[in-house]
Amino acid sequence: MSGYFSYLLNGIKSLAIGLKITNKEFLTRPITLQYPHESVKMAPRYRGHIELLMDSETGTHTCISCGMCQKGCPSNCITVKSKKVPGVKGKVLTAYILDFTTCSLCGQCVENCKPAAIDFSNEYNLASTRKEDFVFDLLQKLHPEGVPEPKVDPALLKKEQEKIEAAAKAAAEKKEAAAKAATEKEGEGGEKAEGKS
Amino acid sequence: MTLLAQSQLQETFELNIGPQHPATHGVLRVKVIMDGEYIVKAEPVLGYIHRMHEKMGENRTWNQFWPNLGRLDYLSAIAYNHGYAGLLERAMGIEVPERAEYIRVITVELNRLQSHLLWFGAFILDLGGFTPLMYAFDEREQILDLLESVTGSRLTYCYFRFGGVYNDVDDDFITGTRAFIKRLRPQIPMYHDLVTKNVILMERLVDIGHISADMCRKYGATGPVLRGSGVNFDIRKNEPYSVYPELDFDVPVYHECDSMARYMVRMDEMEQSMRIIEQALDKMPDGPVKAEKAPKILKPPKGDYHFAVEAARGTFSMRTVSDATNTSYRMRLRSPTYSNLSLFEEASRGMLLSDALAFMGSLDLVIPEMDR
């Protein structure tokens, strides 16, 4: 019987202690943030989807279209499209497509990027009911008003044109020489050449 | 006794708990054969979120496997990062700078604290108490903010790299962590007052869910489950790695073998984790956070490598067979809760169903980790 009462007493005691704590907590200020009206400040290192960084000197990105981000990506969510523009050194980026539905934010692309052209953004408000809304062209995101034309270096353009001309000239010469040799061969023994072709 | 009465006495029925059930923390299905309120046989059924992580390790390059480590045990992902980093560092013989090792230990222990706080809240929630969950999540939120400021993510961390960590910690993190420890330390006695000393909790945990040390050995249970059965085994002490030998901490061991013992082990481990973090913050030297010699494309020499770490739920060990290419020939992940769950069938025989759910909560199960 005494066991029963001590058990009851212990129960009441533990209840009182618990209530004391909850009452104390009840009187403290709530820490809840009213989300749509207020929002948490994101940490600078927060990993949102990747973005192309604006280079203040050139007014555009520094991507060299090497494709190392695409190659290192575990989920194949990056597609880098580029083309060769006459008069511009290297390749010119035409589209940087990120499929954010499969991205796992591991950071391999950011680490692999030699010119440090990409980094994580701080964007987190990305709710949508459509899957297509998560496929971004980062180049268009960087230049929403239109991608600027790449700067053409006249010296390089001239050099390239000369090179092309020289190559064309060399090809023409080669062709001429081949034609000449063929006619010569034909003169020597037409049957042999015909048989070969 | 008539034949009819006898058959009624022996009548059993089958009950499915899960795969979608609030008391099972994820997609775990337990097929229970019940005799009234008592369990005759409980058979856990796995495979609902199997994602072939081991196979993925065999067709991705070593670097590309990093994000998978954050998605095994989503509550102590940094410890899993540590396991993978340690494995390849052992295989390649990469020396890790001391500052990086300290950062690793600090983040792993913060992650352990976070995991134990979540377990504490969810476990009490299993037993029917809602308030402690809110208190635990209040503290946990602080850890998540701290870790987010360093790693960039809140849950699925991908922070470690071979030969170091992704980026250095700043002064804000160090002062923030110190302030947080100061804040959490008085909270633990408060949790004990609010929860541990509560008679209802004691009634539900003391002398319930008995797991002997032999049973733990038989099923390979590790972590707080094993330490709650009176076996002093912690990878941080038994097979020291990283800078743990330089830090002074105790391994809490309880000999009662019941659910309460496992509960107490985790509560005491939080205190020890705080001690480790404080010492590591004091001892952390300046310097680089990534080995300069670490190669970008890894090709570990041919061989069989193994590395084990103490995650929040027990021993997580990784084993890989390398054939000197940029992918693994065989990747094996040994996750602690798979073993911890496997003893559930034997230990829950003859238990009341409500006790069995409390017992399952004391095992601290994370389903994505056993269903790799």
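Cut-offs and rules
- Residues numbered from 1 in each chain as written.
- Chains lettered and ligands numbered in written order.
- Predicted model: local features only at pLDDT ≥ 70, side-chain atom pairs only at ≥ 80, totals over all residues.
- Heavy atoms only, no water.
- Helix = DSSP H or I, 4+ residues; strand = E, 2+ residues; numbered from the N terminus.
- Rg over C-alpha atoms; globule rule 2.2 N^0.38 Å.
- Buried < 20%, exposed > 50% of the residue type's maximum accessible area, 1.4 Å probe, protein only.
- Contact = heavy atoms within 4.5 Å.
- Areas by Shrake-Rupley, 256 points an atom, 1.4 Å probe, with all protein chains shown as cover.
- Pairing = 2+ DSSP bridges.
- Axes fitted to C-alpha atoms, helices over the stretch in contact; angles between N-to-C directions.
- Disulfide = S-S within 2.5 Å.
- Buried area = accessible area lost by both parts, 1.4 Å probe.
- Salt bridge = Lys/Arg side-chain N within 4 Å of Asp/Glu carboxyl O.
- Polar contact = N/O pair within 3.5 Å; in protein donor to acceptor, adjacent residues only side chain to side chain.
- Nonpolar A, V, L, I, M, F, W, Y, C, P; charged D, E, K, R; others polar.
- Core = buried A, V, L, I, M, F, W, Y, C linked by side-chain atoms within 4.5 Å.
- Domains from an automatic or database assignment.

Visitor: For the overall build of chain A, give the residues involved together with the corresponding values.
Guide: Within chain A, the secondary structure is distributed over 5 helices and 5 strands. Beginning at the N terminus, the succession of helices and strands in chain A can be written as α-β-α-β-β-α-β-β-α-α. Radius of gyration (C-alpha) of chain A: 34 Å, far over the 16 Å computed for a compact globule of 197 residues. By its C-alpha atoms, chain A is 130 × 45 × 30 Å across when sized along the principal axes. Going through the 197 residues of chain A one by one, you find that 26% of them count as buried. Across chain A, the fraction of contacts at a sequence separation of at least 24, relative to all contacts at a separation of at least 6, is 71%. Just so you have it, chain A exposes about 14,500 Å², and 58% of that area is on carbon and sulfur atoms.

Visitor: How would you explain the pairing of strand β3 (residues 38-45) of chain B if you had to name every residue and give the values?
Guide: In terms of strand pairing, strand β2 (residues 29-35) of chain B meets β3(B) through 7 bridges, oriented antiparallel. Across the sheet, the residue bridging to B:Met34 is B:Ile39, located in β3(B).

Visitor: An account of the sheet that holds strand β3 (residues 92-99) of chain A is requested, with residue identities and associated values reported.
Guide: All names here are of chain A. Strand order in the open sheet made by the 3 strands is β2-β3-β5, with antiparallel pairing throughout. Here the strands that pair on one side only, and so sit at the sheet edges, are β2 (78-83) and β5 (135-137). On average, adjacent strands in this sheet sit at an angle of 15° to one another, irrespective of strand direction. Looking at chain direction, β2 and β3 are connected through 6 bridges and run antiparallel. Within β3, the residue paired with Ile 78 across the bridge is Leu 98.

Visitor: Explain the state of the cysteines to me, and be specific about the residues and the numbers.
Guide: Scanning all chains against the criterion turns up 0 disulfides over all chains. A:Cys66 takes part in no disulfide bond, and the closest cysteine sulfur to it belongs to A:Cys69, at a distance of 6.3 Å. Residue A:Cys66 is classed as partly exposed on the basis of its relative accessible area of 45%. Among the cysteines around B:Cys257, which has no disulfide bond, B:Cys216 carries the closest sulfur, lying 7.6 Å off.

Visitor: I'd love a proper account of the interface of chain A and chain B, names of residues and values included.
Guide: Facing 27 residues of chain A, the contacting portion of chain B comprises 29 residues. Sorting the residues of chain A by area buried against chain B places A:Arg45, A:Arg47 and A:Glu111 first, and these three jointly supply 29% of that buried surface. Here chain A is connected to chain B by 2 salt bridges. For the pair chain A and chain B, the number of links is 15 residue pairs in polar contact (both at pLDDT 80 or more). Among the elements of the structure, α1 (2-27), α2 (68-72) and α3 (108-112) of chain A are those that each provide at least two residues to the side of chain A that touches chain B. With 9 residues, the single largest contributor to the side of chain A that touches chain B is α1(A). Classifying every residue of the side of chain A that touches chain B by side-chain character gives 12 nonpolar, 10 polar and 5 charged.

Visitor: How would you explain the sheet that holds β2(B) if you had to name every residue and give the values?
Guide: Residue and element names in this part refer to chain B. Here we have 3 strands laid out as an open sheet, ordered β1-β2-β3, and antiparallel in their pairing. Since the sheet does not close on itself, it has two edges, and those belong to β1 (13-17) and β3, each with one partner. When strand polarity is set aside, the average angle formed by the axes of neighbouring strands in this sheet is 25°. By the bridge criterion, 5 bridges tie β1 to β2 in an arrangement that is antiparallel.

Visitor: Provide a residue-level description of the nonpolar core, including the pertinent values.
Guide: Formed by 111 residues in total, the largest nonpolar core has its most connected members in A:Ile50, A:Tyr96, B:Tyr84 and B:Tyr263. Sort the elements by how many residues they give to this core and helix α5 (residues 98-126) of chain B lands first, with 12 residues. Beyond its immediate chain neighbours, meaning those up to four positions away, A:Tyr96 contacts A:Ile50, A:Leu52, A:Cys69, A:Ile78, A:Thr79, A:Val80, A:Ile118, A:Phe136, A:Asp137, A:Leu138 and A:Leu139. Counting 29 residues, the second largest nonpolar core, distinct from the first, contains B:Met34, B:Ile211, B:Ala213 and B:Val225.

Visitor: Outline the domain arrangement of chain A, listing residues and values.
Guide: As assigned here, chain A comprises domain 1 (1-29) and domain 2 (50-142). Computed over C-alpha atoms, the centres of domain 1 of chain A and domain 2 of chain A are 59 Å apart.

Visitor: Could you give an account of helix α8 (residues 187-196) of chain B, with specific residues and numbers?
Guide: Three or four residues apart is the spacing at which side chains of an α-helix point the same way, because the helix has 3.6 residues per turn. Burial analysis of α8(B) places 8 of its 10 residues in the buried class, the great majority of the element. Among all positions of α8(B), only B:Gln187, B:Ile188, B:Met190, B:Tyr191, B:His192, B:Leu194, B:Val195 and B:Thr196 are buried. Looking at the packing, one finds that the buried side of α8(B) touches α1 of chain A together with α5, α6 (131-151), α7 (171-184), α9 (199-205) and α13 (259-283) of chain B.

Visitor: I'd like a rundown of the side chain of B:Arg372, residues and numbers included.
Guide: Mapped onto the elements of the fold, B:Arg372 is located in the segment after α17 (367-370). Within polar-contact distance, the side chain of B:Arg372 engages the side chain of B:Ser335 at 2.8 Å.

Visitor: Give a detailed account of the environment of B:Arg178, specifying residues and quantitative values.
Guide: Residue and element names in this part refer to chain B. Residue placement: Arg 178 occurs in helix α7. Overall, Arg 178 belongs to the partly exposed group, its relative accessible area being 37%. Leaving out residues up to four positions away in the same chain, Arg 178 has contacts with Leu 281 and Asp 282. In terms of polar contacts, Arg 178 uses its side chain to reach the side chain of Asp 282, at 3.1 Å.

Visitor: I'd love a proper account of the environment of B:Ser273, names of residues and values included.
Guide: All names here are of chain B. Structurally, Ser 273 is set in helix α13. On the basis of relative accessible area, Ser 273 is assigned to the buried category, the value being 1%. C-alpha of Ser 273 to C-alpha of Glu 109: the two residues are 164 residues apart in sequence and 5.6 Å apart in space.

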